[in-house]
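Commentary on secondary and tertiary structure
For reference, the chains in residue letters:
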Amino acid sequence: CVKMDVVPTNKFTDETYWTSEDKANSVLNMAYRQMFSSDYIFANEILSDNVYNGYGSTNEKLIATGVADASNGRFQADWKACYEGIKTCHTFLANVDRVTAMSAEKREQRKAEIRFIRASLYLQLATWYGDVPHFTEDITLEQSKTITRKPQAEVLAWVHQELEAVSSILPSKEQYAAADNGRITSGATIALNARAYLWENNWQKVIENCEKLMGNTFGSYDLFGNYEQLFWAQNEYNSEIILSSQYVLPLRVWGNLVDYAPISAGARLCLAGPTQGLVDSYLMKDGRRWTAADAPYANRDPRLNATIVYDGSQWKDRSGVEYTIITHPDGTTAPGKPSDKYTGAGTAQTPTGYYYRKYADPAPGTYVSGGWNSSLNLPIIRFADVLLMYAEAKNELNQMNSGVWDQTIKKLRQRAGFDNVPAAMNLPTGSQAELREVIRNERRVELALEGLRVYDIRRWRTAETVLTQGFRGAKFDKSSGTYDYIKLPGGNFSRSRDYLWAIPRSERIQNPNLTQNPGY
Amino acid sequence: GSFAQQVSLTEKRVGLEQVFREIKRQTDYDIFYNLDMLQQTQPISISVRNAPVRQVLDICFRNQPLSYYIEGKTIIIRQKPAATTLTGAASRQTSVSGRVTDQAGSALPGISIRVKGSTNGSVTDAEGRFRITAATGSVLVFTSIGYQSKEVTFSGQPELNVQLEEDRQALNDVVVVGYGTQRKASVVGAVDQVRAAQIEDRPVGNVMQALQGTAPSLVIQQRSMNPNDNTMNINLRGISTFGNNSPLLVIDGIINEDVGAMNNLNPNDIESVSILKDAGSAAIYGSRSANGVILITTKKGKKGMKPTVRLSALAGSQNPEILVKPLKGYQNALLRNDSYVNSGANPIYSSEQIRQFATGDSEYFLKGILKNGFQQNHNISVQGGSDNSTYLVSLGYYDQRSNFKGPDFGLRRYNLRTNLTTDIGKLKLSAIMWYDRNDGKSFQGDNGFLIANSSRLPVYNNYVLKGENGRYYNNDVLTNGNPLMDLEQGGFIQQNNDHFQGSLNAEIEIFKGLKARGIASLDLRPENRLIRRFYHPLYNLSGDETPVNIQNSAQYSIEDYNGKSTLLNLQALLDYNRSFGKHNVYGLAAFSNESYRQRRFELRQQLVDPVLGIPTTGTIFDKTSYNTVGGTTERSIYSWFGRAGYNLADRYLFEANFRYDGSSKFARSNRWGFFPSVSLGWRLSEETFFRFWKDKLGDLKIRGSYGQLGNQAVDDYQTFTTYDIYQDQYGFNNVSLPGTGYTFGNPDLKWETNTTFNIGADATFLSGKLTASFDYFRKNTKDILLTPQTPLVLGGAVPRANLGAMVNNGWELTLNYQLRHSDFVHNFGVNLADSWNKVTRFEGDEQISKSDEIERIIRVGLPLYSYFGYKRAGLFRNADEIKESALPIGVSPSPGDVKYVDRNGDGIIDDNDRFVLGHAFPRLTFGFNYDIQWKGFDLNMLWQGVGKRDMALRGETIEPFHGGYSFVMFEHQLDYWTPGNPDAYWPRLTSPGTASTSNNYGKGSDFNIFDASYIRLKNIQVGYTLPTAMSSKAGMRKVRLFVSGQNLLTISKNTFIDPESTEFGSSMNAGGANSARNYPLLKYIGAGLDIEF
């Protein structure tokens, strides 16, 4: 007979868990995992004007077109994910001192890592939802039903304060052992803080923090020499990466490209394709803006080819064989390859005539056996972003000059491979407003498809324009008799409502103290 | 039960019937007599103590016109063969002999035969034969307990064969109840009984299918007809808890872990199924009885029975029926173009392409992956017994082929059973050995996606599943798969599950009326599952030589699962049953332990050798694999239980039951729970003032019960806060690391308690030809175990707690009627039931869960998981109407788009405008069976249905060109809005992803709600039994041939969907919304043969 007192054999109980450093680290690892998801890096582009979601209709598309209500799945999922991560952080902070077999110094460092993660989660929450419930230790069920929203500014002030506090505890990337590659560094705390200030348009603070990084006081960072290969697994942990989400073969992998890469490269379908608007934002290699008189893709900023697959792009398959990708409806698909051609906006093929190339490392070893499950670390903050933040902040404070330009935009264009001509390299003449457009355009192309554009169009308050004017795809539409741009419907992004997400409806049912954002 | 062969009795001036009842109660003799005969007798007085039966009988028949004789354990009462035959007109008397059989043609021993109006009588022997002398023109009356008496006019022929009908409503029928049996007349609980005849010879896959429609309130929903995934819901008396609503299953006195275990049985081995519905009958099963109890008893041999061999064979075809009808290809293309043009986008297909589609359609892919499935079922059994032993040995084989094309998919089940009993003096021993094996081979992927990937395609002639060259092709709907390739080449899931159950039962009488019983049983389940998944090249129809899925060419994987579970059950029981004059007292006291232990391990590997599945270069061992340490579960229940009963003169009945259960699932302080019940019954028809009823109508009993039942269906180890380590959650420097998640436990967990009140009546009318039972119940469940709905801000990980309450009401009605005229015998059976539940307490007051666009609400005052959403106010007719109407945020509709009801009148359609839209649990469930016999022919049919149910559907079946994932439109969607069809049912066609489409199809409204009531001809059978004369020449006692059909006719409002389709499980648990991606409806046609010798 089985006795009445049984205990689980495959799980630790509270009595047996907090006994070793490894087990404590394991909780920390979970928090790292909860900090970022590759799904959001891709889905966030759909929230912007960089790509058009043609296949099916994602939550993000509903948000971008202004038809999302308080029960939208993304509103709920992000809220949930952030507070789940925060709970892991609080569980760690409340219990890690029970682990005696761990040096005090290591404990403090681990706590600082988890405080960074918690701050980054609150930063997400405050950015999407505005005022949010904010607490720094685990709350009870009763508290969760009465807690109120703290003003966004107060939450962000706390985020800044936390990031500043842990920046002095955490090692710089050089101080970490190689085995710790990928951990949160003091440099990452400064960079995230700069990003948090940027989202608040607090230019002075952006400058202060960027300067700390540009001055190499929190680890030394520099641009990596090759833009395309920056997103290849062989170059993980290069000098440009400040923080990246970690992936390891064969089981800690991400697979989103299977819905974005060219069909001929083994993708399942094209969930969303880059828009003509994004393609158009790439300059000519000599620094001029592209005009209709130019060939569609020749002599462009090389980052275009490194980021987007267009009609006539070369593609190297996993066996190293190069072929030409044809997306034009009248083109001829490379022999032996499935078609990548545009066949209409609601099909499994591209809705815009373009596919993704960024992150599509051609090395077979990056993937699990030929599929799209990738071990490439996904950058969260890279040094190029720091330079762009710095340039933007300087210009906003009317402090842009050739010194700042050469330190920032010029370096990015040099690295990108622009012609070494004044029109491409030198500070353009123009008003602050004209320069603003140049810098913003540079930011868009440099960081394209990295899930960051949505934050920019919201803080610039341009979402209400760029998301409503209708999207275009390549000149593949023949319904008028001659080829014209593919016309794709825009949305109804509401200035008074859609800059903040709705507090999830289910939350407000259970907690009457939670107010709703305007318009929902 | 175990009986001594001695009788103690003290009675003054008592009728013989009463004495016979005592003899039956105290011994294991059966007594055959008819009541008419007893009317000739005088009351007797008797006082004996431990007297042999013969002595008692001698006292009884002293100075009576009757005598008796004993054959085996059967006492047969007959007229004294006095000098009557010598009197009167002896010359006209002729001798007649013959054989009496039942409807199935089996011999009936012990039938008494009497010449009406005389005292002349006889009794059939063990082979049913008799001989009697009677005058031509006189009437012979054949009577026996358990059979309806029959009168035959004797025409002087030398041989007379008579068939007797079973008397289904006999009050002396024995009903199996918890830990014992009772006479039907004295049952005070709400108990339904299903008999073997309702189950045998039906082409069903398992017992649960066979029970559908046979008993009121036993609601069985067959969610999938896939033989490999026969998902069925089983509920008894509706929904009473948020948690587990499964009834408890007891087979031959042994409690099973899972109600699904009934499907391990061979349906042909079942003797009877008792369904215990109320607290009075179920409380003896204590902490697991809240949802009722299903007691299955298997067949046994009979003492003194000659070896009887029964063979049955069934074979037929299960034919899939596709309920949706895709449009013709060109028509589909035109309408798809319309949907884009209507949305301001460019058309998809050129006129050239449409012309091409119009040249002819390809086969619908859904049809292309299906085939007819062969089904066969063979049984052989041998039954019999000697004076002190009985035996039954049966073998069964069941084989149903899948309707999916592919390598030998389907299910085979093998059953072996031996049921033995023997008496060794005072000791009675019985042993049951039961072995079965289920061998299944099935599709290795998700069945829903398989159906979706074959039904979302229009019948365009450039979509090809498989070419003549054997190549499989992809297309722009399938992206990179092909359903036929996945079936035929993608691999398989192979399951080989053995199951053994053995139980030993010893019984001995300690002193008069008191018996001790011990039972030891072991249930052993070694289970094995092997999954293989293979790469197979998929080509583009353009003729490229490189497969489009070449990058997956290393994708071969293998998964192994092995598990073994044992359930050891020990029981010790004391049984008391004794009569003192008119007083009958009985009782039970018992102890039991059930110990369950499960050990499992699973190994999953990817990128293995294509042929052998062994590891090779690059093989990945999935770290979610686990060894037996990770796969061990143990639990234990200790129980004390008992019963006390008293009845006075078979008129006033009282019974009390209790069980005291301790479970390892709960922490020490909350471990033990006490579950009592009381029941009262009153047989009005036994009262002298109600004599008219007994005389004219039959029997009338009212009964009621009240008690508490428990539900401990909570996962193991829920009282502990646990940390789970998951592999490969993160990594540093390209080294993978584990991460930890946690589950908070709740040491305060305890049982759910269910208080049930039941009142019912059993009555017969028309001299017993019509019987009726009615029950009304009310169940109050409190302390329902649930994971509370908590704000997401809490971050998850909330333990389950006893936080909910529900009330559930309902009623049941059963009617049976028998009608005979000339050679016809008709039997009608109707059962009808309803239940309705209401949440009365829920932590957080309400919870709305959303799957895709379908919302379900738990709210105090509503039935559990009601559908929730917007209500349609028709389709917009013109721009003015749009201007004046409330709209959802961000939507600028056009005429033909859906208009919603602005419930609160605030001029905007938002969350506050939602309504309760319906309820998905079946109500007004019914079954109707009818059978008719005419000479050798028989016909029987079972209709089954649901009177009231709402179903929410979504996906391609509802929305043309659903979400851009589907390219197809079906005929049932053709009534869509156009300016020329402004009164359409469906909105105008719009392209996926547009605001109009999300307004029209994405909001979750009564557009998604469909009427799911139906009536279905579940089974129909036509048979012919060969005349005995013919079959006996071939050495057989009985030969019957029959044809049968299953699911041949369904009447429902929406013909594009199987009305049984549901996303909800037995406990109203839903994995997602119902996208109507069902395994096809199956219609069976077949034939069978029964032979007995």
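Residues numbered from 1 in each chain as written. Chains lettered and ligands numbered in written order. Predicted model: local features only at pLDDT ≥ 70, side-chain atom pairs only at ≥ 80, totals over all residues.

1. Focus: the sheet that holds strand β9 (residues 129-135) of chain B
Residues and elements named next belong to chain B. Short version of the rule: When DSSP finds at least two bridges between two strands, those strands are taken to pair. To qualify as a helix, a DSSP run of H or I must reach at least 4 residues; to qualify as a strand, a run of E must reach at least 2; elements of each kind are numbered from the N terminus. The axes used here are C-alpha line fits, helices contributing only the stretch in contact, and every angle between their N-to-C directions lies in the interval 0 to 180 degrees.
If you trace the 3 strands from one edge of the open sheet to the other, you get β9-β6-β12, paired in mixed fashion. The strands lining the two open edges of the sheet, one partner per strand, are β9 and β12 (159-163). The average angle at which neighbouring strand axes cross in this sheet is 35°, direction not considered. Bridge analysis of strand β6 (residues 93-101) against β12 gives 5 bridges, and the strand direction is parallel. By the bridge assignment, T101 is partnered in β12 with Q163.

2. Regarding the pairing of strand β39 (residues 735-743) of chain B
Residue and element names in this part refer to chain B. Summarising the sheet, strand β38 (residues 722-732) and β39 pair through 8 bridges and their orientation is antiparallel. Within β39, the position partnered with Y726 by the bridge is G739. Here β38 hands over to β39 after 2 residues, with N733 in that stretch at a positive phi of 50°.

3. Focus on the nonpolar core
Selection criterion: Nonpolar cores are built from buried Ala, Val, Leu, Ile, Met, Phe, Trp, Tyr and Cys residues. These are joined into a set through C-beta atoms within 7 Å. Residues with at least 20 neighbouring C-beta atoms inside 10 Å of their own are called buried, those with 12 or fewer are called exposed, and the rest are partly exposed, where every C-beta is derived from the backbone. Placing C-beta atoms from the backbone, we regard two residues as in contact once those atoms come within 7 Å.
Ranked by size, the top nonpolar core spans 198 residues in total, and within it A31(A), A191(A), Y260(A), A261(A) and A267(A) carry the most contacts. Per-element tally for this core: the top contributor is helix α6 (residues 104-129) of chain A, with 11 residues. Look past the residues within four positions of A31(A) in its chain and what remains in contact with it is G85(A), T88(A), C89(A), F92(A), I114(A) and I117(A). Among the nonpolar cores identified, the runner-up in size contains 51 residues, and A190(B), I284(B), L295(B) and I296(B) belong to it.

4. Focus: the interface of chain A and chain B
Counted only if it meets this: We call Asp, Glu, Lys and Arg charged. Ala, Val, Leu, Ile, Met, Phe, Trp, Tyr, Cys and Pro are nonpolar, and the rest, Gly among them, are polar.
Counting residues at the interface gives 85 residues for chain A and 87 residues for chain B. Counting only elements with at least two residues in the side of chain A that touches chain B, the list comes to β1 (12-13), α1 (14-17), α2 (21-35), α4 (59-64), α5 (73-95), α7 (141-144) and α20 (505-510) of chain A. Residue composition of the side of chain A that touches chain B, by class: 34 nonpolar, 31 polar and 20 charged. Here β1(A) pairs with β38(B) via 2 bridges, running antiparallel. The residue of β38(B) that forms the bridge with T13(A) is T722(B).

5. Some points on the sheet that holds strand β5 (residues 74-79) of chain B
Residue and element names in this part refer to chain B. Taken in spatial order, the 3 strands of this open sheet run β2-β5-β4, and their pairing is mixed. Strand pairing shows two members of the sheet lacking a second neighbour, β2 (30-32) and β4 (66-71), which therefore form its edges. Averaged over all adjacent pairs, the angle separating strand axes in this sheet is 25°, with direction ignored. The sheet contact formed by β4 and β5 spans 6 bridges and is antiparallel.

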